[in-house]
2 protein chains.
Amino acid sequence: MSDLPKRVEFHEEGPREGFQIEPRVYPLEQRAALVEALAETGLKAVQVASFVSPKAVPQMTDSEALFAAIRRRPGVRYEAVWLNEQGFERARATPGVDLAGKISLYASDAFARRNNNCSAEEMRGRVLRWLDLYAEAGLKVERALVMAAFGCNFEGEIPPARAVDELVWAHRTCAERGIVLPKVYLADTMGWANPQSVRRLVGMLREALPATRIGLHLHDTRGLGAANVLAALEMGVDLFDSSIAGLGGCPFAGHGDSRGAGNICTEDMVFLCHEMGIETGLDLEKLIEAARLAERIIGRPLGGHVMHAGSLAKYRARAGAAAGHG
Amino acid sequence: MSDLPKRVEFHEEGPREGFQIEPRVYPLEQRAALVEALAETGLKAVQVASFVSPKAVPQMTDSEALFAAIRRRPGVRYEAVWLNEQGFERARATPGVDLAGKISLYASDAFARRNNNCSAEEMRGRVLRWLDLYAEAGLKVERALVMAAFGCNFEGEIPPARAVDELVWAHRTCAERGIVLPKVYLADTMGWANPQSVRRLVGMLREALPATRIGLHLHDTRGLGAANVLAALEMGVDLFDSSIAGLGGCPFAGHGDSRGAGNICTEDMVFLCHEMGIETGLDLEKLIEAARLAERIIGRPLGGHVMHAGSLAKYRARAGAAAGHG
């Protein structure tokens, strides 16, 4: 396990992912409280909400008011998601949104049509338009992500070269505009990844883009989240999207049952890293508190494990005290 | 990943683990139906129930009647657990119980006292008595298991040599009686294992007992179950205890909240193996059916993932048909 990174960075997507997939709209102050609790944990960025059509996602209608309600902590970025120009303009016009230039591509045509009403090829055209918009707004391009990188519920197996091709295209297209794309993400949107496909695809992507940092956006749809993270860590991956308490899942991913479709769980994966001696800069106990707050707000048991069992800190402290060291 | 086994064997503990930890006693015919569904999946053995004090575990009072109610499938072993001589005699006297000679040891004194009311050293003495009893009953010794091998809620970190020492002692003690102990198990009773400690301990144990098959009994207490299984597979481990739908957890392990304390989930780990090209001899779709039956019986959402999201088979079949291959 010599390729393990010394330090891993988690990008928190729980508030947006979590409240977006729930049928209910939760009170504004509760959603703000969860964002505030997450900002206390050491996270450098929290994805707060999306600016999307109120028809498609009625839970995110009041994103402007949510950003206004948050008591901000210095040093933390409060980020947002948008899918079209209208959403981007709303995000730009909202005080408190820390804009980040992100572009998305598809490794699956069928999922592109389902999720974005265009082909994967047409999505490249849209990305060119996004690059123009970000340039006009003076926004740096921070990352490119390719969805359905490991497989697709609508198209089946996806050859790994397709995800690599999309990200290489993004990198080259940025370079042609004088932009150094710093991060490329592989997204296992529908829970098809396994440790072997993670290794294979990360390996191919690193060979294609050796100077670019690789991130993973994984879902724990079929219970392999932790195994996939381990495989990625062993390939030196040091960047993960995750959700507190395992909140989330894509409402358009075509699962019969959304319960198993959440993102990998922030606090469980932070526990994994810490137990393996990998730094995260995050306070696990505060993450557990935030996860429990999320559970109280959502009002049913959430999928996180450490939030229910607790970390090992108290047992170690007790054992240390009993042995006369404490 | 050159050390991956070609074939992995799962030992199903769901019925005993699951119904033992629930406060309710479920109707006999429902418990029998779950055992029968599991026997249809290709499993070679199912742990049905325990013969223990009705005072300590009132849910297992009617184990004799449960064994009598099961419609047996040829080629499947229907196993039981006992903790003392009285329980063993009850199991021996019960028609339909496939007896297997198992011995248990402790890597933690504090947990031995809590779980068995004796020290780890005294447990060795009890094992000698078990070996006598098994010899008298004409029973082969099948496996030795060491509990709290990776850490203990009551004692803290456990040096890996302690677990190895217990199993080496068991192996030697059996050898002195002319018994070749075929399997040794490391049990992560309280959810302390991580991929690094799994590799370390499995490596030490293999070095100490190179000719003995190594098994793992893992709990998914803190969300690392799948990562720990992956680490073990990469060390060549081909033997796992598991529970359908992730049922189970030890009621005496000292967790504040039992929800996160189940065993690793049979069908999720079978899915992991199959996706990585490792055979199990099990029918994943039938395991999913059994998991869903367990959920209907227990009456609340269980922790398995594949049982909720479904396997990838239907998506692959659909994609194959669309591409003209089906």
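For the structure, check the block above.
First, a word on scope: everything that follows refers to the structure included in this document. From a predicted model like this one, the values you see are computed outputs, not experimental measurements.

Considering the overall build of chain A
- When you go through chain A residue by residue, the secondary structure sums to 13 helices and 8 strands.
- In terms of overall dimensions, chain A has a C-alpha envelope of 65 × 45 × 40 Å along the principal axes.
- Considering chain A as a whole, with its 326 residues, one finds that 60% of them fall into the buried category.
- Long-range contacts, defined as pairs at least 24 residues apart, comprise 74% of the intrachain contacts of chain A with a sequence gap of at least 6.
- Working note: accessible area of chain A is about 12500 Å², and carbon and sulfur atoms make up 51% of it.
- Charge separation in chain A, taken as the distance between the mean sites of 38 positive and 41 negative side-chain charges, equals 2 Å.

Regarding the relation of the copies chain B and chain A
- Superposition of chain B onto chain A requires a rotation of 180 degrees combined with a translation of 0.0 Å along the rotation axis, giving an RMSD of 0.0 Å. Seen this way, the second copy is the image of the first under a two-fold rotation axis. If distances are taken from each C-alpha of chain B to the rotation axis, the shortest is found for Ala227 of chain B, at 2.0 Å.
- When the interface residues of chain B are mapped onto chain A, 100% of them are again interface residues, pointing to one common binding face.

Some points on the packing of helix H9 (residues 225–234) of chain A against helix H10 (residues 266–275) of chain A
Residues and elements named next belong to chain A.
- Interaxial distance between H9 and H10 falls to 11 Å at its minimum, and their mutual angle equals 45 degrees. Judged by the inter-axis angle, H9 sits oblique to H10. Handedness of the H9/H10 crossing: right-handed. Contacts between H9 and H10 involve Ala226, Val229 and Leu233 on the former and, on the latter, Met269, Leu272 and Cys273.
- Here the contact of H9 with H10 is built from residues that sort into 6 nonpolar, no polar and no charged.

Things to note about the interface of chain B and chain A
- Facing the 46 residues of chain B at the interface are 46 residues of chain A.
- Of the roughly 3900 Å² buried between chain B and chain A, counting both surfaces, carbon and sulfur atoms make up 62%.
- Together, Arg222, His305 and Tyr315 of chain B form the three largest contributors to the area buried by chain B at its contact with chain A, with a combined 17%.
- Where chain B meets chain A, there are 4 salt bridges.
- Taking the shortest distance from any N to any O, the salt bridge between Arg316 of chain A and Glu157 of chain B comes out at 2.3 Å.
- On the surface where chain B and chain A come into contact, there are 10 residue pairs in polar contact (both at pLDDT 80 or more).
- For the side of chain B that touches chain A, a count of residues per class yields 19 nonpolar, 14 polar and 13 charged.

Criteria and cut-off values
- Residues numbered from 1 in each chain as written.
- Chains lettered and ligands numbered in written order.
- Predicted model: local features only at pLDDT ≥ 70, side-chain atom pairs only at ≥ 80, totals over all residues.
- Heavy atoms only, no water.
- Helix = DSSP H or I, 4+ residues; strand = E, 2+ residues; numbered from the N terminus.
- Buried < 20%, exposed > 50% of the residue type's maximum accessible area, 1.4 Å probe, protein only.
- Contact = heavy atoms within 4.5 Å.
- Areas by Shrake-Rupley, 256 points an atom, 1.4 Å probe, with all protein chains shown as cover.
- Lys, Arg positive; Asp, Glu negative; His and termini not counted.
- Charge placed at Lys NZ, Arg CZ, Asp CG, Glu CD.
- Least-squares fit on C-alpha atoms with pLDDT ≥ 70 in both.
- Axes fitted to C-alpha atoms, helices over the stretch in contact; angles between N-to-C directions.
- Parallel < 35°, antiparallel > 145°, perpendicular 65-115°, else oblique.
- Left-handed = near helix turned anticlockwise from the far one by under 90°.
- Nonpolar A, V, L, I, M, F, W, Y, C, P; charged D, E, K, R; others polar.
- Buried area = accessible area lost by both parts, 1.4 Å probe.
- Salt bridge = Lys/Arg side-chain N within 4 Å of Asp/Glu carboxyl O.
- Polar contact = N/O pair within 3.5 Å; in protein donor to acceptor, adjacent residues only side chain to side chain.

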